[in-house]
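Residue-level structure breakdown
Residues per chain are reported as follows:
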Amino acid sequence: MSMGGKLFQSLGIDTYKLRDNSPKNANQTKDNDWPRIESKVTNCTKCSLHKGRNKTVFGDGNRDADWFFVGEAPGKDEDLQGKPFVGRAGRLLTEVIFSIGLSREEVFIANILKCRPPDNRDPKTQEVEQCFAYLERQIDLVKPKIIIAVGRIAAQSLLGSDLPMGKLRGRIHGFGSSKIPTLVIYHPAYLLRSPSQKHKVWEDLQIANDFLKK
Ligand code: SF4
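My aim in this report is to walk through the structure given alongside it, one point at a time.

1. So, the overall build of the protein
- Of regular secondary structure, the protein possesses nine helices and seven strands.
- In the protein, buried positions account for 50% of the 214 residues.
- Contacts in the protein between residues far apart in sequence, at least 24 positions, make up 74% of those at least 6 positions apart.
- When the accessible surface of the protein is totalled, it reaches about 10800 Å², and 49% of it is carbon and sulfur.

Printed below as a string of structure tokens:
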């Protein structure tokens, strides 16, 4: 095992090798790359979801953020507004972010898919595969200190895992070849249906806070 692998093991971090972050191309500066990738997403027709979308949802927030929140896919409101996590679930996510002492403007928020699946169905494997490179590039550009996977679909897609939420939450994972610390929390839409579970999100975020303080 590499030195890095031993360090992560000693810290109790599970690492995954299923996704790979390509090294940043030295010829592409951060500033040049954002408009290019945004334009690619806006005009993307790689999967059939482009046919039913009103707007792509690229993601927004601080492009130098320490915290990078990843959701599943746009819903109805997001598709209409072109922004991630709006509506009731979005307001609850804003509260969750506020609970760690940050505002939405201080973190970056994006989804696994940039276009809305019809009737908010789960993303198909092929759609995730075709869209994932956009998110990988966004993470590569932001270079966050921690990724927060919001909900099961985001967690399983990021970590290449089919474990249920109960087994994914509550510990730090490593994303990609850089082993970016990644924490899994319940989706705010689930918390709206099951408010008694809210305390688990607060507990999980404390794990992230404690980890970053180390
Ligand atoms: S979901 Fe992603 S891959 Fe599919 S059309 Fe939209 S941007 Fe392209």
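2. Overview of the nonpolar core
- Core analysis: the largest hydrophobic core is formed by 58 residues, its most contacted members being W67, F68, F69, L135, I148, L158 and L205.
- No other element matches the eight residues that helix α5 (residues 125-142) contributes to this core.
- Beyond its immediate chain neighbours, meaning those up to four positions away, L205 contacts W67, V96, S99, I100, I148, L183 and I185.

3. Topic: the pattern of salt bridges
- Under the counting rule described, the total for this entry stands at eleven salt bridges.
- Taking the shortest distance from any N to any O, the salt bridge between D33 and R36 comes out at 3.1 Å. In this pair, D33 and R36 both sit in helix α2 (residues 30-42), three residues apart, roughly one turn of the helix.
- Residue D33 is classed as buried on the basis of its relative accessible area of 2%.
- A relative accessible area of 35% means that R36 is categorised as partly exposed.
- In this structure, E203 and R169 form a salt bridge, with 4.0 Å as the shortest nitrogen-oxygen distance. Of the two residues, E203 is situated in helix α9 (residues 198-213) and R169 in the loop between α7 (165-168) and β6 (173-175); the sequence distance between them amounts to 34 residues.
- Each of D33, R36, R137, D140 and K143 takes part in one network of salt bridges that share partners.

4. Observations regarding the environment of Q130
- As for its position among the elements, Q130 is in helix α5.
- Here the alpha-carbon distance between Q130 and L113, two residues 17 residues apart in the chain, equals 9.0 Å.
- Beyond its immediate stretch of four places on either side in the chain, Q130 contacts K46 and C47.

5. Some details on the environment of Q206
- Turning to its location among the elements, Q206 is positioned in helix α9.
- Each C-alpha atom, one on Q206 and one on G170, is 9.7 Å from the other, the two residues being 36 residues apart in sequence.

6. Points about unusual backbone geometry
- One non-glycine residue with positive phi stands out, namely K143, at about 50°.
- Phi is positive for K179, which is not a glycine, with a value near 50°.
- Structurally, the position occupied by K179 is in the loop between β6 and β7 (180-185).

The rules we used
- What you see as residue numbers is a count from 1 along each chain, following the sequence as written.
- Only residues with pLDDT of 70 or above have their local features reported here, since the model is predicted, and side-chain atom pairs are shown and tallied only from 80 upward, although totals for entire chains, interfaces and linings are computed over all residues.
- The side-chain numbers reported here are obtained from all heavy atoms of the structure, hydrogens and water having been left aside.
- In this description a helix means any DSSP run of H or I spanning at least four residues, a strand means any run of E spanning at least two, and both kinds are numbered starting from the N terminus.
- Summary of the burial criterion: residues with accessible area below 20% of their type's maximum are buried, those above 50% are exposed, and those between are partly exposed, where the area comes from a 1.4 Å probe applied to protein chains only.
- Residues are treated as being in contact if the distance between any of their heavy atoms lies within 4.5 Å.
- All accessible-area figures derive from a Shrake-Rupley calculation using a 1.4 Å probe, and residue coverage is judged against the displayed protein chains alone.
- The criterion is simple. A nonpolar core is a set of buried Ala, Val, Leu, Ile, Met, Phe, Trp, Tyr and Cys residues joined through side-chain atoms within 4.5 Å.
- We define a salt bridge as a side-chain nitrogen of Lys or Arg found within 4 Å of a carboxyl oxygen belonging to Asp or Glu.

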